[in-house]
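Residue-level listing of the chains:
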Amino acid sequence: MAGPVNLTLPEGDPNPFAGCRQCLGVAATRANARSVGDYSKATDANVVLRTHLREDHGAE
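Definitions and cut-offs
- Residues numbered from 1 in each chain as written.
- Predicted model: local features only at pLDDT ≥ 70, side-chain atom pairs only at ≥ 80, totals over all residues.
- Heavy atoms only, no water.
- Salt bridge = Lys/Arg side-chain N within 4 Å of Asp/Glu carboxyl O.
- Helix = DSSP H or I, 4+ residues; strand = E, 2+ residues; numbered from the N terminus.
- Core = buried A, V, L, I, M, F, W, Y, C linked by side-chain atoms within 4.5 Å.
- Buried < 20%, exposed > 50% of the residue type's maximum accessible area, 1.4 Å probe, protein only.
- Contact = heavy atoms within 4.5 Å.

K.L.:
Please set out the pattern of salt bridges residue by residue, giving values where relevant.
P.N.:
Tallied over the full model, the rule gives two salt bridges. Of the charged contacts in the structure, one is a salt bridge between aspartate 13 and arginine 34, with a shortest N-O distance of 2.7 Å. Residue aspartate 13 is found in the segment before α1 (21-35), and its partner arginine 34 is found in helix α1; the two are separated by 21 residues along the sequence.

K.L.:
Tell me what's going on with the nonpolar core, and back it up with residues and numbers.
P.N.:
Most often, soluble globular proteins keep nonpolar side chains buried together rather than apart. Grouped together as the largest cluster of nonpolar side chains are six residues: Cys20, Cys23, Val26, Ala45, Leu49 and Leu53. Contributing elements (two or more residues each) for this core: α1 and α2 (39-57). Among the elements that take part in this core, α2 stands out by supplying three residues, more than any other. In contact with leucine 49, other than residues within four places in its own chain, are Pro14, Asn15, Pro16, Cys23, Val26 and Arg30.

Right under this line is the structure:
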């Protein structure tokens, strides 16, 4: 029998950087995806936003 599995809660949604049109566009895509139940697309938008925040705004 395998050992215990340790799971963590998923991270919360990243917040768009104030005044950045690209951040706001990705956040809008995420909101639209959720509004129609496309949680896979919403998750993809979070990945894109986190990458953008890290690469373009120096976020951790």
